[in-house]
Amino acid sequence: VEKGGRDNGTSPLGFLLVGMGNVPTAQTALFLLSLIIYLVTVVGNILIVVLVVAEQHLHTPMYFFPGNLSSLETFYSSAILPRLLASFLTGDRTISAHGCVAQFYFFAALETTECYLLAAMSYDRYLAVCQPLLYASLMTWKVCLQLVAGSWLLGLLVSTVLTSLLPQLQFCGPRTINHFFCDFTPLLELACSDTSMATLVAFVFGFLDVVFPFLFTLASYVCIIAAILRIPSNVGRQKAFSTCSAHLTIVTAFYGSLFVVYVLPRTAPLRQLSKVFSFYTVLTPLANPLIYSLRNREVREALRK
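In this text the structure is predicted, and so the values were computed from the model without any measurement.

## A closer look at the side chain of Asp124
Phase 1: Assignment of secondary structure puts Asp124 in helix α4 (residues 97-130).
Phase 2: Overall, Asp124 belongs to the buried group, its relative accessible area being 3%.
Phase 3: The contacts of Asp124, once residues within four sequence positions are left out, are Pro61, Met62, Phe65, Tyr135 and Met139.

## A few points about the nonpolar core
The tendency in soluble globular proteins is for nonpolar side chains to be buried as a group.
Phase 1: In terms of nonpolar packing, the biggest core is built from 62 residues, with Phe15, Phe65 and Ile177 touching the most fellow members.
Phase 2: The leading source of residues in this core is α4, at 13 residues.
Phase 3: When near neighbours in sequence (up to four residues on either side) are disregarded, Phe15 contacts Arg93, Thr94, Ile95, Ala97, Cys100, Phe171, Arg175, Ile177, Leu187 and Leu190.

## With respect to the state of the cysteines
A covalent bond between the sulfur atoms of two cysteines is what we call a disulfide.
Phase 1: By the definition in use, this model includes one disulfide.
Phase 2: With its sulfur 2.0 Å from that of its partner, Cys100 forms a disulfide with Cys182. In this structure the cystine formed by Cys100 and Cys182 twists about its S-S bond by roughly -120°; its chirality is therefore left-handed. Pair noted here: Cys100 is in helix α4 and Cys182 is in the loop between β5 (176-177) and α7 (184-190), with a separation of 82 residues, a long-range link. Neither residue differs from the other here; Cys100 and Cys182 are each classed as buried.

## Focus: the UniProt feature "transmembrane region" (unreviewed entry) in the chain
Phase 1: In this structure's numbering, the residues bearing the UniProt feature "transmembrane region" (unreviewed entry) are residues 30-54, 74-92, 104-123, 143-166, 214-232, 244-264 and 276-294.
Phase 2: Split by type, residues 30-54 is 100% helix and 0% strand. Its first and last C-alpha atoms lie 36 Å apart.

## Details of the packing of aromatic side chains
Phase 1: Evaluated as defined, the whole model comprises 11 aromatic pairs.
Phase 2: Between the aromatic rings of Phe180 and Phe181, the centroid separation amounts to 5.1 Å while the plane-to-plane angle is 70°, which identifies the pairing as edge-to-face.
Phase 3: By relative accessible area, Phe181 is classed as buried at 1%.
Phase 4: Feature note: the residues Tyr76, Phe107, Phe180 and Phe181 constitute an aromatic cluster, connected by ring pairs.
Phase 5: Seen from the ring of Phe15, Arg175 lies directly overhead, with NZ or CZ sitting 4.2 Å from the centre.

## Some details on the sheet that holds strand β2 (residues 15-17)
Phase 1: Ordered in space as β3-β2-β5, the three strands form an open sheet in which the pairing is mixed. Bordering the open sheet on either side are β3 (94-95) and β5, each of which pairs with just one other strand.
Phase 2: By the bridge criterion, two bridges tie β2 to β5 in an arrangement that is parallel. Bridge assignment links Leu16 to a residue of β5, and that residue is Thr176.

## Looking at the pattern of salt bridges
Side-chain pairs of opposite charge can arise whenever the charged atoms involved come near each other.
Phase 1: In this structure the tally under the stated criterion is one salt bridge.
Phase 2: A salt bridge links Asp124 to Arg125; the nearest nitrogen and oxygen atoms lie 2.8 Å apart.
Phase 3: Taking relative accessible area as the criterion, Arg125 reaches 7% and is therefore assigned buried.

Parameters at a glance
Residues numbered from 1 in each chain as written. Predicted model: local features only at pLDDT ≥ 70, side-chain atom pairs only at ≥ 80, totals over all residues. Heavy atoms only, no water. Helix = DSSP H or I, 4+ residues; strand = E, 2+ residues; numbered from the N terminus. Buried < 20%, exposed > 50% of the residue type's maximum accessible area, 1.4 Å probe, protein only. Contact = heavy atoms within 4.5 Å. Core = buried A, V, L, I, M, F, W, Y, C linked by side-chain atoms within 4.5 Å. Disulfide = S-S within 2.5 Å. UniProt positions renumbered as here; feature names shortened; annotations may be inferred. Phe/Tyr/Trp six-rings, centres within 6.5 Å; stacked < 30°, edge-to-face > 60°. Lys NZ or Arg CZ within 6 Å of the ring centre and 35° of its normal. Pairing = 2+ DSSP bridges. Salt bridge = Lys/Arg side-chain N within 4 Å of Asp/Glu carboxyl O.

And the structure:
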């Protein structure tokens, strides 16, 4: 395809991911930092999965959900960081069109799955705090498996629909993505064909896979906080809140970053801020094992064994 010509997302032409290439003097430092983050993320999350599977006393819904979240975070970081590490190491920031579509597919599937999985975990914490006497009968293993399987299936469904829209877009002119991975909005900004249908579909699915789980999670925590405030003793309130604090920390970091990245206007200064906050894709998987392992006595004991 000649320069300035039109081609769609299945063209052999690739894209240039700007990433952090605008700070060439810091490439070595960024590579080392990203490598450390990736190794700690993968090792930490895999360790939690192994502990939850191997330790009999961790076979409860309270640890089943974090175990699934850890496996998701391992795939999540692996969809983005290896490509970023390779670009730091070689200086080659190009990515093929098929590679870009594949990276977005896995990123979107895992991000959507995390939204629903965090909502399922908030429901689990709601039952534990607000319905403690009924918790064992309501949060059965069958319900746990259905919630987790539903989260994964919805993630794959949403990602499949959004990814199917990319080959229909026409790209012309510079194919430079001002980002460090292939995301939907930066790709839409490069398209020179009509993107109204893709934008509408993305808006609808954005509501279903981000806003709806967020509102559900928010409603769960409104009920949880109201129930905690009704507990008469300070010790009881602290114990009840401690069962939710790790999950609440992850939810706050995850949705706070999502808001900055996808809701704020795409003006030039805010676009740079959006790229910085997109590091939630790297830092949230890193924070997950640190929060769920270091702050949990039973997990620390299982680790010592």
